[in-house]
Amino acid sequence: MNIRIKIPDKMINNQPYTIREYKIFRLHKDSATNQAIVDILDSVFNSSTNELTFKSDKFSIYVLTYKDTYYSPSYPVTGIKVSPDTLTLTKKGETAQLTAEVTPSYADNKRVTWQSSDEKVATVDENGKVTAVGNGTATITATSVSGSYTATVSVTVKIPVEIQKLTIEAEKETLTKIGESTELKVKIEPENADLQKLIWKSDNEKVATTDENGKVTAVGNGTAEITVTTEDGKITASIMITVKVPDEPTINKSTGFRRLRARSVKQTKTSVTLQWNIIKDADGYFIYGNRCNTGTKSYKYRKLAIITGGDISTWTQKDLKKGTYYKYVVKAYRMVNGKKVVTDISISVHAVTGGGKYGNAKAVSVTQIGNKKNVSKITLKMGKTAQIKAKEVKKDKKIARHRKLCYESSNTKVATVTLDGLIRATGKGTCTIWVYAQNGVYKALKITVK
């Protein structure tokens, strides 16, 4: 028959990582020998009810026993992570260490395998050490032995292509003017070489200078070696630049009233006569002119005459329209290496032809300088000022003004004068101040500063 017994609570298995096996022993004596006999009976354990069932048809002593078997728990891998997640190498043979971390950290088997997608770019050993082989991008994959989980790292290998040779090309290797420039260009070999900063240098900056971009500027006659060098100093190239400036006179061009003192001294109904001071060493003069601008129309200066001869000081324009204003500029020139070089430029002269309702000034009258009346000279102390009072003296008819009276000093280090005729003594010495009308007639004042 089936016998079912309840397992006592104190015999219930509560130990972790333990398997408990229950058995029933039957104890009795052999009738012939009177010796003790132990039988092991088949039994079935129901873990849900904690009951043990076995079969027996005899009255006897039954013993409940158990045996515990201990085992280690199992922790499989559930994921993997690799660091760093990206990697860049810049030299052939350069190495970097990758680290793989499996999840959970207490997994039974933490071993991983490594593989590169392109061993022409980068290789990886069994410990995750990456070695650069050639330019490109490769994917390094780590795979967990337990569970075959994977993680990847993108490895970029960028090995610079070194410059092997530099060659300088020049727009011009000979410069003929001070301040003239030439651009130097560098050819790099091989063409795909990684660019470096280039260092430019001149071995003679009294002849030619160079900026950071290879622009060379002439400074003085002679030769200079211009050198370009890579920033690492490994590769260099050079070129000789020659500066050969032809000898020519130095001309300091002057503008204003003081040297030429151009003016209109005579006007008829159909002509205007100009006069100017002769300039020493001048080889001739240019005359520019046109009608004066009106309220509705503008007229540009055009070249009217070229006067050959530095000792000529007058010129007359004929066939003009009566009662009309005309404007003029006189320029003195010198012959330099076969070219006419302007040395002086006059102020503009405005004169009206006769036959109209307007006329020209015949002179300039200075009525007062500072507190002195009707004088043409004055003495001032340094820093002091004096106001000029002056007016145009008309020939016959009223004057249509194109500009007010003008003032100019021959030496501003001695005395300056404002647009309104205020003199200021600036340094000891003597100078001239001219007061001139629009047609160029003028009054000269002598200023002494003590």
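Being a predicted model, the structure only gives us computed values, none of them experimental. (Residues numbered from 1 in each chain as written. Predicted model: local features only at pLDDT ≥ 70, side-chain atom pairs only at ≥ 80, totals over all residues. Heavy atoms only, no water.)

**What to know about the UniProt feature "domain: BIG2" (unreviewed entry) in the protein chain**
Next, step 1: According to UniProt, the "domain: BIG2" (unreviewed entry) feature falls on residues 76-154, 162-240 and 369-447.
Next, step 2: Along residues 76-154 the backbone is 0% helical and 54% strand, and the end-to-end C-alpha distance reaches 27 Å.
Next, step 3: The distance from the first to the last C-alpha atom of residues 162-240 is 26 Å, and the span holds 0% helix and 54% strand. (UniProt positions renumbered as here; feature names shortened; annotations may be inferred. Helix = DSSP H or I, 4+ residues; strand = E, 2+ residues; numbered from the N terminus.)

**Regarding the layout of surface pockets**
Rolled over the atoms, a probe as big as a water molecule pinpoints where empty space is left.
Next, step 1: Looking at the second largest pocket, its volume works out to about 160 Å³.
Next, step 2: Every residue lining the second largest pocket is counted, eleven residues in all, and those nearest its centre are Ile251, Asn252, Arg259, Thr343 and Asp344. (1 Å grid on protein atoms, 1.4 Å probe; cavity = no way out; pocket = protein on both sides within 12 Å on 5 of 7 lines; lining within 4 Å. Points joined across faces, edges and corners; volume = space filled by probe spheres on them.)

**Here's the deal with the side chain of Glu180**
Next, step 1: Checked against the element boundaries, Glu180 lands in the loop between strand E17 (174-175) and strand E18 (181-189).
Next, step 2: Residue class for Glu180 comes out buried when judged on its relative accessible area of 18%.
Next, step 3: Excluding residues that lie within four positions of it along the chain, Glu180 makes contacts with Lys172, Leu175, Val216, Thr217 and Ala218. (Buried < 20%, exposed > 50% of the residue type's maximum accessible area, 1.4 Å probe, protein only. Contact = heavy atoms within 4.5 Å.)

**Re the sheet that holds E18**
Next, step 1: The four strands lie next to each other as E16-E18-E21-E20, forming an open sheet whose pairing is antiparallel. Edge strands, defined here as strands with exactly one partner in the open sheet, are strand E16 (165-170) and strand E20 (208-210). Between one strand axis and the next, the sheet turns by 25° as a mean value, whatever way the strands run. (Pairing = 2+ DSSP bridges. Axes fitted to C-alpha atoms, helices over the stretch in contact; angles between N-to-C directions.)

**Considerations on the packing of aromatic side chains**
Next, step 1: This model, assessed by the stated rule, comprises ten aromatic pairs.
Next, step 2: Between the aromatic rings of Phe54 and Tyr62, the centroid separation amounts to 5.4 Å while the plane-to-plane angle is 40°, which identifies the pairing as tilted.
Next, step 3: Ring plane angle 75° and centroid distance 5.2 Å describe the contact between Phe257 and Tyr442, whose orientation is recorded as edge-to-face. With Phe257 in the loop between strand E24 (254-255) and strand E25 (263-267) and Tyr442 in strand E41 (residues 442-449), this residue pair connects regions lying 185 residues apart in the sequence.
Next, step 4: Overall, the relative accessible area of 0% leaves Phe257 in the buried class. (Phe/Tyr/Trp six-rings, centres within 6.5 Å; stacked < 30°, edge-to-face > 60°.)

**Regarding the state of the cysteines**
Next, step 1: According to the stated counting rule, one finds zero disulfides in the structure shown.
Next, step 2: Between Cys406, a cysteine without a disulfide, and Cys292, which holds the nearest cysteine sulfur, the sulfur-to-sulfur distance is 14 Å.
Next, step 3: No disulfide involves Cys431; its nearest neighbouring cysteine sulfur is the one of Cys406, lying 17 Å away.
Next, step 4: Residue classification places Cys431 among the buried residues on the basis of a relative accessible area of 4%. (Disulfide = S-S within 2.5 Å.)

**Quick notes on the sheet that holds strand E8 (residues 86-89)**
In a beta sheet, neighbouring strands pair by backbone hydrogen bonds and run either parallel or antiparallel.
Next, step 1: If you trace the four strands from one edge of the open sheet to the other, you get E8-E15-E14-E11, paired in mixed fashion. Of all the strands in the sheet, just E8 and strand E11 (112-116) have a single pairing partner and so form its edges. Ignoring strand direction, the axes of neighbouring strands in this sheet form an average angle of 20°.
Next, step 2: Bridge count between E11 and strand E14 (residues 136-144): five bridges; the pairing is antiparallel. Bridging across to E14, Thr113 finds its partner in Thr143.

**As for unusual backbone geometry**
Across residues other than glycine, the phi torsion is negative in most instances, and most of the peptide bonds are trans.
Next, step 1: Of note, the bond from Thr103 into Pro104 is cis; its omega dihedral lies within 30 degrees of zero at 0°.
Next, step 2: In this fold, Pro104 is placed in the loop between strand E10 (99-103) and E11.
Next, step 3: Backbone torsion omega between Glu189 and Pro190 reads -5°, so that peptide bond is classified as cis.
Next, step 4: Turning to its location among the elements, Pro190 is positioned in the loop between E18 and strand E19 (198-202).
Next, step 5: Within the chain, Asp281 stands out as a residue other than glycine whose phi angle is a positive 75°.
Next, step 6: For Asp281, the location among the structural elements is in the loop between strand E26 (272-275) and strand E27 (284-291).
Next, step 7: Using a relative accessible area of 49% as the deciding quantity, one classes Asp281 as partly exposed.

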